[in-house]
Amino acid sequence: MSLKETFIVNGENLLKKIKEIIAEGNVTKISISDKSGKEIMSFPVTIGVVGVVFAPIFAAIGALAALLTECKITVEKRKDDDIPPSNDSLTEGPL
C-alpha cells in the first residue's frame with residue numbers, strides 16, 4: 001500500500017524539492033504536473049539507485065523548471081508497514 005503527498009512549488013525551487021524528496025528514501029514514484037493538473041513528467045524512484053542514474057532526470061527537471069512558474073509534485077511513498085524488516089537486528093549466538 002502506498003500514500004500520496006502533493007507539493008506546490010514554483011519553478012526555481014522544483015529541482016531542490018525533488019532532491020529533498022528523493023533523499024527521504026521511502027519514495028517509489030514522483031510525478032510533476034503543471035498548475036492546471038496536466039502531468040508533464042513521471043518517474044519511478046528505486047531503492048539503491050546512485051546519483052549518476054538520476055543525472056539525466058535532474059537535467060530534464062532543471063530545463064522544465066525554467067519553463068514553469070508554478071507546478072505540482074505528487075509523491076508516492078511506501079507506508080512503513082510495507083518495508084520488509086531488516087536482518088541487521090538478528091544476532092547469532094553460540095550454538
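Summary of the structure given here. As the structure is a prediction and not an experimental result, all values here were calculated from the model.

The next thing to look at is the nonpolar core. Among the nonpolar cores identified, the biggest contains 21 residues, and Leu14, Ile18, Ile30, Phe43 and Ile73 are the most heavily contacted of them. Those elements that place two or more of their residues in this core are strand E1 (2-10), helix H1 (14-24), strand E2 (27-34), strand E3 (39-44), helix H2 (51-67) and strand E4 (70-78). With five residues, H2 is the largest single contributor of residues to this core. In this structure, isoleucine 73 is in contact with Glu5, Thr6, Phe7, Val9, Leu14, Lys17, Ile18, Ile21, Ile30 and Ser31, ignoring residues within four places of it in sequence.

Moving on to the pattern of salt bridges. The final tally for this structure, using the stated rule, is three salt bridges. With its nearest N and O atoms 3.9 Å apart, the salt bridge here joins lysine 17 to glutamate 20. Here the residue lysine 17 and the residue glutamate 20 both occupy positions in helix H1, the gap between them amounting to three residues, near one helical turn. Salt-bridge contacts for glutamate 24 lead to lysine 77; the nearest nitrogen and oxygen are separated by 2.7 Å. Taken together, the residues span a long stretch of sequence, with glutamate 24 in helix H1 and lysine 77 in strand E4 at a distance of 53 residues. You can call lysine 77 buried: its relative accessible area is 11%. A single salt-bridge network, built from bridges that share partners, covers Glu5, Glu24 and Lys77.

On to the sheet that holds E3. Taken in spatial order, the four strands of this open sheet run E1-E4-E2-E3, and their pairing is antiparallel. Every interior strand has two partners, whereas the edge strands, E1 and E3, have only one. The sheet shows a mean angle of 15° between the axes of neighbouring strands, direction not considered. Sitting on the sheet, H1 is in contact with E1, E2, E3 and E4, with an inclination near 5° to E4.

A word on the pairing of E3. Two elements, E2 and E3, share five bridges in a ladder whose sense is antiparallel. Note on E3: the bridge partner recorded for serine 31 is serine 42. With antiparallel pairing between neighbouring strands as the criterion, E2 and E3 make up a hairpin whose turn holds four residues, including glycine 37 at a positive phi of roughly 100°.

Calculation criteria
- Residues numbered from 1 in each chain as written.
- Predicted model: local features only at pLDDT ≥ 70, side-chain atom pairs only at ≥ 80, totals over all residues.
- Heavy atoms only, no water.
- Core = buried A, V, L, I, M, F, W, Y, C linked by side-chain atoms within 4.5 Å.
- Buried < 20%, exposed > 50% of the residue type's maximum accessible area, 1.4 Å probe, protein only.
- Helix = DSSP H or I, 4+ residues; strand = E, 2+ residues; numbered from the N terminus.
- Contact = heavy atoms within 4.5 Å.
- Salt bridge = Lys/Arg side-chain N within 4 Å of Asp/Glu carboxyl O.
- Pairing = 2+ DSSP bridges.
- Axes fitted to C-alpha atoms, helices over the stretch in contact; angles between N-to-C directions.

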